[in-house]
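Summary of structural features
Spelled out, the chains give:
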Amino acid sequence: QVQLQQSGPGLVKPSQTLSLTCDISGDSVSSNIAAWIWIRQSPSRGLEWLGRTYYRSKWYNDYAVSVKSRITVNSDTSKNEFSLQLNSVTPEDTAVYYCARENDVGAIDYWGQGTLVTVSS
Amino acid sequence: DIVLTQTPLSSAVTLGQPASISCRSNQSLVHSDGHTYLNWLHQRPGQPPRLLIFKISNRFSGVPDRFSGSGAVTDFTLQISRVEAEDVGVYYCMQETEFPVITFGQGTRLEIK
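Let me begin by describing the structure that accompanies this report. (Residues numbered from 1 in each chain as written. Chains lettered and ligands numbered in written order. Predicted model: local features only at pLDDT ≥ 70, side-chain atom pairs only at ≥ 80, totals over all residues. Heavy atoms only, no water.)

A short note on the packing of aromatic side chains
As a reminder of what qualifies: Put simply, two rings from Phe, Tyr or Trp (the six-membered ring, in Trp's case) pair if the centres are within 6.5 Å, and we call them stacked under 30 degrees between planes, edge-to-face over 60, tilted for the rest. Helix numbering and strand numbering both begin at the N terminus, where a helix is a DSSP run of H or I of at least 4 residues and a strand a DSSP run of E of at least 2. Partly exposed residues are those whose accessible area sits between 20% and 50% of the maximum for their type, while under 20% is buried and over 50% is exposed, using a 1.4 Å probe and protein chains only.
Following the criterion strictly, the structure yields eight aromatic pairs over all chains and no others. A centroid spacing of 6.3 Å and a plane angle of 70 degrees characterise the contact between Tyr54(A) and Phe99(B), whose relative ring orientation is edge-to-face. In this pair, Tyr54(A) sits in strand β5 (residues 46–55) while Phe99(B) sits in the loop between β9 (89–95) and β10 (103–104), so the two residues belong to two different chains. By relative accessible area, which is 13% here, Tyr54(A) ends up buried. Taking relative accessible area as the criterion, Phe99(B) reaches 42% and is therefore assigned partly exposed. Judged by centre distance (6.4 Å) and plane angle (35 degrees), the rings of Phe67(B) and Tyr91(B) are tilted. Separated by 24 residues along the polypeptide, Phe67(B) in strand β7 (residues 67–72) and Tyr91(B) in strand β9 bring together distant segments of the chain. In terms of burial, Phe67(B) and Tyr91(B) fall into one category: buried. Taken together, the ring pairs in this structure connect Trp36(A), Trp38(A) and Phe82(A) into an aromatic cluster.

Written out as structure tokens, the structure reads:
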């Protein structure tokens, strides 16, 4: 059974960097058939895919156009985790952030518990 | 960009009665590999979404058989044959055909009448 455990601060000041980590159990971040993604949810934007990282003989990253200039998704194989960094945040980045696994049939089958991140001074 | 439009936005159903949610795409969701990556999620209040149906009509592990998905190309439907109390929440369609982009419908809220 795959489990994803998120960690990171719930409050970030405007213009600073939002950082979250997702610990994986029951699978490997360097799996050749899974991908690891970040999604956020807010009342104004609904569910919004942000980015993914995955390993297929080498590491790949994909990012949503809306955040491409500000986002980095990294993996740490020694800790079996992946992370999200979102720079230069504004109050519009306030949302519940989820990490999740994308499986080999093109579906998001496991989700982290979610982290409410509020951007406020 | 693919836009998914769900109808209705909310629905109140009597326990034991059927429910149906529509998801319409502004573009074909048939991938060049022949598969259609249209999935359905269910979210209860305070919880993350969970996968119900993948590739139009395949139930994910542990999903009751009262849930079924159908459709093709641009028009898709999620049906619940007999609504139970635990089915309340918000249902989302989502697409992964336009890889690497993932998009979601705006959600349909289901409540018990």
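Here's the deal with the sheet that holds strand β7 (residues 71–76) of chain A
Residues and elements named next belong to chain A. Which entries qualify depends on this criterion: Note on pairing: two strands pair once DSSP finds at least 2 bridges between them. Helix axes are fitted only over the stretch in contact, all axes being lines through C-alpha atoms; the angle between N-to-C directions runs from 0 to 180 degrees.
Strand order across the open sheet formed by four strands is β1-β3-β8-β7, with antiparallel pairing between neighbours. Two strands in the sheet have a free side with no partner beyond their single neighbour: β1 (3–7) and β7. Neighbour-to-neighbour, the strand axes of this sheet turn through a mean angle of 20 degrees, independent of strand direction. When strand β3 (residues 18–25) meets strand β8 (residues 81–86), the two strands line up antiparallel, connected through six bridges.

Concerning the pairing of β8(A)
Residues and elements named next belong to chain A. Of all six residues that make up β8, five are buried, and the element is covered over most of its length. Across six bridges, the pairing between β7 and β8 is antiparallel. Residue valine 73 lies in a different strand from β8, and its bridge partner there is leucine 84. The hairpin turn running from β7 into β8, its antiparallel successor, is four residues long, and asparagine 80 in that turn takes a positive phi close to 50 degrees.

Looking at the pattern of salt bridges
All names here are of chain A. Selection criterion: Salt bridges are defined as contacts in which a side-chain nitrogen from Lys or Arg sits within 4 Å of a carboxyl oxygen from Asp or Glu.
By the definition in use, this model includes twelve salt bridges over all chains. The residue glutamate 48 makes a salt bridge to arginine 45 at a minimum N-O spacing of 3.0 Å. Owing to a relative accessible area of 41%, arginine 45 belongs among the partly exposed residues under this scheme. Note that arginine 70 is salt-bridged to aspartate 93, the shortest N-O span being 2.9 Å. Taken together, the positions of arginine 70 in the loop between β6 (59–63) and β7 and aspartate 93 in the loop between β8 and β9 (95–102) put the pair 23 residues apart, joining distant regions of the chain.

Thoughts on the interface of chain B and chain A
The test is simple: Throughout, a residue-residue contact means that at least one pair of heavy atoms, one from each residue, lies within 4.5 Å. Here the quantity called buried area is the accessible surface, traced with a 1.4 Å probe, that two parts lose on coming together, added over both. Residues adjacent in sequence count toward polar contacts only when both atoms are side-chain atoms; beyond that, a polar contact is any pair of N or O atoms within 3.5 Å, and within protein one must be able to donate a hydrogen and the other to accept it. Each residue gets one of three labels, nonpolar for Ala, Val, Leu, Ile, Met, Phe, Trp, Tyr, Cys and Pro, charged for Asp, Glu, Lys and Arg, and polar for the others, Gly among them.
Contacts between chain B and chain A engage 19 residues on the former and 20 residues on the latter. Buried surface at the junction of chain B and chain A, summed over both partners, amounts to about 1600 Å²; 65% is from carbon and sulfur atoms. For the pair chain B and chain A, the number of links is zero salt bridges. On inspection of chain B and its partner chain A, the count reaches six residue pairs in polar contact (both at pLDDT 80 or more). Of all elements in the fold, only β4 (38–43), β5 (50–54) and β9 of chain B reach the threshold of two or more residues within the side of chain B that touches chain A. Across the side of chain B that touches chain A, the residue classes tally to 14 nonpolar, three polar and two charged.

Just distances and angles here, no functional claims.
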